[in-house]
Amino acid sequence: MAETAASALLSVIFEKLADEAFKKFARSQKIDSELNELQSTLSHIQDLLTDASEKEITEKSVKKWLNSLQHLAYDIDDVLDDVATEAMRRELTQESGAITSKVRDLIVPTCCTKFSLSQRLHHKLDSINTKLQHLENQKGDLGLIVKNEKPKNNNRGNETSLLESEVVGRESEKEKLLNKLLQDEPCKENFSVLPIVGMGGVGKTTLAKLLYNDTQVKGRFELHAWVCVSDDFDISKITKTIFQAVSNENKEFADLNQLQVALKEKLKDKRFLLVLDDVWSENFNDWENLVLPFHSGARGSKVIMTSRKEQLLKMLGFDNLDHLETLSSEDALSLFALHALGVDNFDSHPTLRPKGERIVEKCGRLPLALKAIGRLLRAKTDEEKWDEVLNSKIWDSKSVGDFSADWKSPERIGYEYFEELLSRSFFQQSPNEEPLFVMHDLMNDLATFVAGEFFSRDDNRMATEDLAKYRHMSFIRDEYVAYHKFEAFKRAKGLRTLLPVYVGVDQWWDKFYLSSKILVDLLPELPLLRVLSLSRFSISEVPNSIGSLKHLRYLNLSKTDIKELPDNVGNLYNLETLIVFGCESLTKLPKSFLKLKKLRHFDMRDTPCLKKLPLGIGELKSLQTLTKIIIEGHGGFALTKLKVLKDLHGEISIEGLDKVQSSMHVREANLSLKRIDKLELKWDDVSGRETLEKEILNELKPHSDKLKMLEVMYYKGIEFPNWVGDPSYHRLVQLSLRGCKKCTSLPPLGQLPSLKQLLIQGMDDVKVISLELSRSTDVTFPSLEILRFEDMSSWEVWSTNSEATFPCLRELQIKNCPNLIDVLLEALPSLRVLRIYKCCESVLRSLVQAASSTTKLKIRSIFGLTDEVWRGVIENLGAVEELSIQDCDEIRYLRERGG
């Protein structure tokens, strides 16, 4: 188990050492020789890990050796991270004259700054190499040896004659070659060669299999043999394979002469078919020696040769070779669908077809590439995965066979790891239906055992333990966290993770307090932190020392009381995730944001006081999560800055749309919204420009295959563009239209197939709602479960034209709609919860008649609700189990049923 962790760390180290930019900077610091020595020694040690993994369980000394290796691997990674961070800092600052003085607090304390960066690195690497050499020298005492691992899988040379269950296309090519196989063409030899030539991956081997396994071909030839030659043209090996195939014997021969004589006898006067697949050799002499036994065969014998090389075939007299072309677009798409979806079409997944067509073209319609990518996406119908493939770097690869992980982002790999652990019950879904996961006690014990001496949880043992060895720590987030509890953490100089955890139900109103001394005195003592969370603590300031944590990848300040971030946050060059979600007092972000080039996720939801973004945020090309965009006028952040951010996905809120001066600016930015699944569009609540606002909203049209939630606030147009309510938004489940005061009608929302929640609020100019919601006699709102109307001051009539309306509606709320009088609805068979506030009594009467299955009724401030009206209402409340009545002063008593 320790071997697995050590091996994973070594892989990270080797990857960093192989980076060209890293190697260039290392040469500039004259530390390349030490790094080469380190890499060489690590490679030797890596060769011992297979044997160590078998011995660590039973031999404590080997386990200890592996732990020492893992500790040293952490130290190596820290030094390499220092080097890479300094290289990045120099690239960003471009201040060559001041570099030496500015690296002082990066790697060593102030007392050592008289030494140059190069000298300090020499010293560190010399020390590490000495320790590494000591570990390698222990292999003899521990009995560790280099064990041969399983040979790496090599797809070339492994093809057999067996045909795949389904082959797409190639009918015309097969027919043409089949005619040549079945006819006796004029030939001076007893056998002739039938070449299949084409680029790698075009399907040469598959076509050869189709011919080899054809029933007519089987009947025409007496003997059959298939040899996968590949780039090793070994005459003895090829000849032996042919002999075994035609004789069904497994004899051993002293030399090639005896073998060829035996083969000659087996082929004598027999019509044979031989396939030589994937021939790379262009040596004519080798060919002549190989075919010597073939001449004894009967006339009409054939040799099918597949090759991407032409030289040998030209020497055999083939001057005008027909190259096998790529598949047609239609056949290529069918083949891709077959391997990605299990069927040869996109009938069940029409939204994936355009993406499939683009993948097919990127694969050049090459069957091998189509199969490789199709298998990667096998049974994955999540469109985001297909987008990741389309936008990945695998298309820069020269080899189509090694795509397994190249296309996946770190987030996708992490997600798949989690899914794998979940499928193996390492994690379990929380039983209370929250989007949380728990770990069984047995799994927790196993994880704790595997974590060993590198991970620790605060359980009041900190003061007595040797904290220096720990790399990852968590602690209980108590209501009051005092400094004395953490003073011992100063010894954990190599700590990478510091996380608070909470035991119990985490209520939003709970307050947690952290000693300021922890922030001021402790954090500077933990310079190697990668992960730091201060979430939910009542802290109002982020200490300036945060800027010295140059290894930091993840910083969570969510739901704290901070008002701003210090400017030196820009020194966190490695930062990938920054969370300020729920920081309701946050008003300012530093200008130094421009330096956070590696930032991938920036979550600033629920930050109402934040009204300005730093200008450089639009240049952070790695950003995938940017939850809020604030558009400003007069030289502030502009929507056009979004066009650089190609990988945004998830949730985004765009505020200040009234400041956009041209719909063309929106068109440029909209390319960045193609992977957004939750979109909030917000204008300021001021008078607007009706025509321009509609053009802007039209250009903000999100991709229909992604969107799940949409909210439009304070839109100033008179009507909505056509895309709002279009049934092509088949994933849209939640929609809110709020404060759109100038709209005189609602968009046609009734045909949205997956819509479950709908809120209409503050649309002051809407008087009638009828066909606007459906414009169809079909089933309308087929999936809607929750419907709310609020603050509709002019609304007077609500009617539908179909009995098949709201078949799934279970909750309805109408609030503050004082002029609504006519409600003409058919039955609401699924309605269970009905809430009516500040409305006319006719609304209540009509709805209780339409919703006789209601079990929960809440009413408040119903105008004109007298005792007489109430008696009529009560007759329709037979299913009601819970009744709430507030501020209905005209009712003097409640009448019991039948009373």
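Residue positions are given per chain, counting from 1 as you read along its sequence in written order. In keeping with the model being predicted, local features are shown solely for residues with a pLDDT of at least 70 and side-chain atom pairs are shown and tallied solely at 80 or more, while totals for entire chains, interfaces and linings include all residues. Only hydrogens and water are set aside; all other atoms, that is, all heavy atoms of the structure, feed into the side-chain values.

**Q** Just to check I follow, could you spell out the overall build of the protein chain for this structure?
**A** Of the regular secondary structure elements, the protein chain holds 27 helices and 30 strands. Whether a residue is buried, partly exposed or exposed follows from its accessible area with a 1.4 Å probe, protein chains only, as a fraction of its type maximum: under 20%, in between, or over 50%, in that order. Here the protein chain holds 899 residues, and the buried ones make up 48% of them. Accessible surface computed for the protein chain: about 44,000 Å², of which carbon and sulfur atoms make up 48%. Within the protein chain, one finds 124 positive and 136 negative side-chain charges whose respective centroids are separated by 3 Å. Note on conventions: DSSP H or I runs of at least 4 residues are helices, E runs of at least 2 residues are strands, and numbering of each starts at the N terminus. Exposure was quantified through the Shrake-Rupley algorithm and a 1.4 Å probe, taking into account, for residues, occlusion by the shown protein chains and nothing else. Asp and Glu count as negative and Lys and Arg as positive, but His and the ends of the chain are not part of the count. Charge placement uses NZ in Lys and CZ in Arg. For Asp and Glu, CG and CD serve respectively.

**Q** Whenever I open this one, the sheet that holds strand S25 (residues 797-799) confuses me. Can you help?
**A** Strands are treated as partners if at least two bridges between them are detected by DSSP. An order of S23-S25-S27 is seen for the three strands of this open sheet, with the pairing classed as parallel. In this open sheet, the two edge strands, each paired with only one partner strand, are strand S23 (768-769) and strand S27 (822-824). As paired elements, S25 and S27 share three bridges and run parallel to each other. By the bridge assignment for S27, Ser-799 is matched with Leu-824.

**Q** Please clarify how helix H18 (residues 353-362) should be interpreted in this entry.
**A** Three or four residues apart is the spacing at which side chains of an α-helix point the same way, because the helix has 3.6 residues per turn. Of the residues making up H18, those classed as buried are Lys-355, Gly-356, Ile-359 and Val-360. Each buried residue of H18 lies within a common arc of 140° when the element is viewed along its axis, so the set occupies one face. Buried residues along H18 sit in contact with helix H17 (329-341), helix H19 (367-376) and helix H20 (383-390). Looking one or two residues beyond H18, the residue adopting positive phi is Gly-364, at roughly 65°. In this context, the arc is that of the directions from the helix axis out to the C-beta atoms. Any two residues having at least one pair of non-hydrogen atoms within 4.5 Å are treated as being in contact.

**Q** Any chance you could explain the packing of helix H3 (residues 32-46) against helix H5 (residues 60-93) here in plain terms?
**A** A pair of packed helices is characterised by two quantities: the angle between their axes and the separation of those axes. Angles run from 0 to 180 degrees between N-to-C directions of axes, and those axes are lines fitted to C-alpha atoms, restricted for helices to the stretch in contact. Relative orientation of the contacting elements H3 and H5 amounts to 150°, with a least axis distance of 13 Å. On the basis of their axis angle, the class for H3 and H5 is roughly antiparallel. Two packed elements cross with a definite hand, and for H3 against H5 that hand is left-handed. Between H3, through Leu-35, Leu-38, Leu-42 and Ile-45, and H5, the contact on the second element is made entirely by Trp-65, Leu-69, Ile-76 and Leu-80. Note that Gly is not counted as nonpolar here; it falls among the polar residues with everything else outside the nonpolar set of Ala, Val, Leu, Ile, Met, Phe, Trp, Tyr, Cys and Pro and the charged set of Asp, Glu, Lys and Arg. Classifying every residue of the contact of H3 with H5 gives eight nonpolar, no polar and no charged. By the definition adopted for this analysis, an angle is roughly parallel if under 35 degrees, roughly antiparallel if over 145, roughly perpendicular if from 65 to 115, and oblique otherwise. Crossing handedness is defined as follows: a turn of the near helix away from the far one that is anticlockwise and smaller than a right angle gives a left-handed crossing, while the clockwise case is right-handed.

**Q** Even after reading the chapter, I still don't get the sheet that holds strand S7 (residues 455-457), so can you show me in this structure?
**A** Strand pairing in a sheet takes place through backbone hydrogen bonds and is either antiparallel or parallel in direction. The parallel open sheet is built from eight strands, whose spatial order is S7-S8-S10-S12-S13-S14-S15-S16. On the outer flanks of this sheet lie S7 and strand S16 (625-626), each paired with one strand and no other. Of the strand pairs in this sheet, strand S15 (residues 601-603) and S16 are connected by two bridges, and their pairing is parallel. When the bridges of S16 are listed, His-601 appears paired with Thr-625.

**Q** It is not clear to me how the packing of aromatic side chains should be interpreted in this structure. Could you clarify?
**A** Each pair of aromatic rings taken from Phe, Tyr and Trp, with Trp reduced to its six-membered ring, is defined by centres within 6.5 Å and is described as stacked if the planes are under 30 degrees apart, edge-to-face if over 60, and tilted in the remaining cases. Taken as a whole and judged by the stated rule, the model has 21 aromatic pairs. On the numbers, 5.1 Å between centres and 40° between planes, the contact of Phe-593 with Phe-602 is tilted. Across the pair, Phe-602 and Phe-593 agree in class, each one buried. Following the ring pairs from residue to residue traces out a cluster consisting of Phe-781, Phe-789, Trp-795, Trp-798 and Phe-806. Working rule: Lys NZ or Arg CZ, within 6 Å of ring centre, within 35 degrees of ring normal, means a charge sits over the ring. Here Arg-477 stacks its cationic end above the ring of Phe-512, 4.7 Å away from the centre of that ring. Geometry around Tyr-837 places Arg-860 over its ring, the cationic atom sitting 5.0 Å from the centre.

**Q** Any chance you could explain the nonpolar core here in plain terms?
**A** If you look at soluble globular proteins, the nonpolar side chains tend to sit buried side by side. Residues grouped as a nonpolar core are buried Ala, Val, Leu, Ile, Met, Phe, Trp, Tyr and Cys residues, joined through side-chain atoms within 4.5 Å. By size, the foremost hydrophobic cluster in this structure holds 133 residues, and its most contacted members are Phe-602, Trp-798 and Ile-814. The greatest single-element share of this core, amounting to five residues, is contributed by helix H26 (residues 841-850). Grouped together as the second largest cluster of nonpolar side chains are 42 residues, Val-202, Ala-208, Leu-327 and Ile-359 included.

**Q** Sorry, what's going on with the pattern of salt bridges here?
**A** When their charged atoms lie close together, side chains carrying opposite charge are able to pair. The salt bridge criterion pairs a side-chain nitrogen of Lys or Arg with a carboxyl oxygen of Asp or Glu, the two atoms within 4 Å. The tally for this structure, following the rule as stated, stands at 43 salt bridges. One continuous salt-bridge network, built from bridges that share partners, spans Lys-16, Asp-75, Asp-77, Asp-78, Asp-81, Arg-471, Arg-496, Arg-530 and Arg-553.

**Q** Explain unusual backbone geometry here, please?
**A** Note on backbone geometry: most residues besides glycine have negative phi, and most peptide bonds are trans. In the Ramachandran plot, Lys-30 falls in the positive-phi region, its phi being about 60° despite a non-glycine side chain. Inspection of the secondary structure assignment puts Lys-30 in the loop between helix H2 (20-28) and H3.

**Q** So what exactly am I meant to see when it comes to empty space enclosed by the protein here?
**A** If a probe as big as a water molecule is rolled over the atoms, it shows which places are left empty. Throughout, the protein atoms alone are placed on a 1 Å grid, and a set of points is a cavity if a 1.4 Å probe fits but cannot get out or a pocket if it is open with protein on both sides within 12 Å along at least five of seven lines; lining residues have an atom within 4 Å of a point. Grid points are joined across faces, edges and corners, and a volume is the space filled by probe spheres set on the points. With the rule as written, the count across this model stands at six cavities of 30 Å³ or more. There is about 90 Å³ of room inside the largest cavity. Taken together, Glu-164, Glu-166, Val-167, Val-168, Arg-170, Val-202, Gly-203, Thr-206, Leu-327, Leu-335, Pro-367 and Lys-371 make up the full set of residues lining the largest cavity. Split into classes, the residues belonging to the lining of the largest cavity amount to six nonpolar, two polar and four charged.

**Q** I would appreciate a short explanation of the pairing of strand S1 (residues 191-197) in the present structure.
**A** Regular strands place their side chains on alternate faces of the sheet. Within S1, seven of the seven residues are buried, which leaves it mostly tucked inside the rest of the structure. The side-chain alternation of S1 yields two buried faces, one formed by Phe-191, Val-193, Pro-195 and Val-197 and the other by Ser-192, Leu-194 and Ile-196. The sheet contact formed by S1 and strand S4 (residues 301-307) spans seven bridges and is parallel. Looking across to S4, one finds that Ile-196 is bridged to Thr-306.

**Q** Explain the side chain of Asp-705 here, please?
**A** Looking at the element boundaries, Asp-705 is found in the loop between helix H25 (690-699) and strand S20 (709-713). Its relative accessible area of 12% is what places Asp-705 among the buried residues. Here a polar contact is taken to be a pair of N or O atoms separated by no more than 3.5 Å, where protein atoms must pair a possible hydrogen donor with a possible acceptor and residues adjacent in sequence count only if both atoms sit in side chains. At 3.0 Å, the side chain of Asp-705 forms a polar contact with the side chain of Lys-355. Setting aside chain neighbours within four positions, we find Asp-705 in contact with Thr-351, Lys-355, Glu-383, His-730 and Arg-731.

Without other data, these values stay purely geometric and don't point to any function.
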